[in-house]
Amino acid sequence: MRLLLGTLFALAVAAGVGLGSTWLALTQGTAYGGVSIGAWTAWPKSGTAGIDPYARAIVARSGELPVGSGDGVAFHARNDDDRRLLDGRCDVALSGITPPARYWTMTLYDPEGRLVANSVQRHGFTSQEIIRRADGSFEIMIGPRARPGNWLPTGGVERYVLVLRLYDTPIGMATRSGRDAPMPAIIQKACP
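Conventions used here
- Residues numbered from 1 in each chain as written.
- Predicted model: local features only at pLDDT ≥ 70, side-chain atom pairs only at ≥ 80, totals over all residues.
- Heavy atoms only, no water.
- Helix = DSSP H or I, 4+ residues; strand = E, 2+ residues; numbered from the N terminus.
- Contact = heavy atoms within 4.5 Å.
- Buried < 20%, exposed > 50% of the residue type's maximum accessible area, 1.4 Å probe, protein only.
- Pairing = 2+ DSSP bridges.
- Salt bridge = Lys/Arg side-chain N within 4 Å of Asp/Glu carboxyl O.
- Disulfide = S-S within 2.5 Å.

Caption draft 1: Focus on the environment of Pro99. Examined against the element boundaries, Pro99 turns out to sit in the loop between strand E4 (92-96) and strand E5 (103-109). Excluding residues that lie within four positions of it along the chain, Pro99 makes contacts with Leu166, Ile171, Ala181, Pro182 and Met183.

Right, dumping it as structure tokens:
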């Protein structure tokens, strides 16, 4: 009887740990083979046949179509450079340059992967429409209140995710540092 109860207890603990870790991996966006540069993280294998099982489950759960490895790579940022979660009630400056790419998009999503609703219906920028400085760098102000220049409205949501998609770029699995891929800095400014 003790052996049976011990076996049932061990199976219950194993099932709890296994299911719990799977749930955590699927809801927190954890996958193998990630490339992190500053606050930005990408999974270059997510658009390939070599995608890991957790990333495959995340794609199936979200319904998001990943960028194919031959097309480019998508970097996600949930935090600023100081590791604070991005808060739509605060002003955040996204500044610098992007890695070399023929074309890129910067889009604002809520944590569930939907576009952030706002009154001006602006959800992102492309490399073709951004206002740049003379040296090629740019600054995008992200926040609830209108700003001159490159402004991306948050609609005052509590949390959001930035997604930078680079198309036709050499960035991939060999990329490991900011030297390889100069990513824009994410700095929190004013916060009520």
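Continuing now.
Caption draft 2: Expanded view of unusual backbone geometry. For Gln121, which is not glycine, the phi dihedral falls at a positive 55°. In this fold, Gln121 is placed in the loop between E5 and strand E6 (124-126). Residue Asp168 is not a glycine yet carries a positive backbone phi of 55°. Structurally, the position occupied by Asp168 is in the loop between strand E9 (161-167) and strand E10 (185-188). Using a relative accessible area of 41% as the deciding quantity, one classes Asp168 as partly exposed.

Caption draft 3: Fine view of the pairing of strand E3 (residues 72-77). Burial runs high along E3: six of the six residues are buried. A two-sided burial pattern is seen for E3, the buried positions comprising Gly72, Ala74 and His76 on one face and Val73, Phe75 and Ala77 on the other. By the bridge criterion, two bridges tie strand E2 (residues 40-42) to E3 in an arrangement that is antiparallel. Bridge assignment links Thr41 to a residue of E3, and that residue is His76. The pairing of E3 with E9 spans six bridges and is classified as antiparallel. The partner of Ala74 across the bridge, within E9, is Arg165.

Caption draft 4: Representation of the environment of Pro192 within the structure. When you line up the elements, Pro192 lands in the segment after E10. Taking the C-alpha atoms as reference, Pro192 lies 9.1 Å from Asp91; in sequence the two are 101 residues apart. Discounting chain neighbours no more than four positions away, the residues touching Pro192 are Arg89 and Cys90.

Caption draft 5: Quick look at the pattern of salt bridges. If you walk through the whole model with that rule in mind, you get 10 salt bridges. Residue Asp80 pairs with Arg84 through a salt bridge whose shortest N-O separation is 3.0 Å. You can call Asp80 buried: its relative accessible area is 1%. Take Arg84: its relative accessible area is 37%, and that puts it in the partly exposed class. Asp110 is paired through a salt bridge with Arg114; the nearest N and O atoms lie 3.2 Å apart. A single network of salt bridges, built from pairs that share partners, joins Asp80, Asp82 and Arg84.

Caption draft 6: Local environment of the state of the cysteines. All chains considered together, the criterion is met by one disulfide. In this model, Cys90 is linked to Cys191 through a disulfide, with the two sulfur atoms separated by 1.8 Å. Highlighted residues: Cys90 in the loop between E3 and E4 and Cys191 in the segment after E10, separated in sequence by 101 residues.

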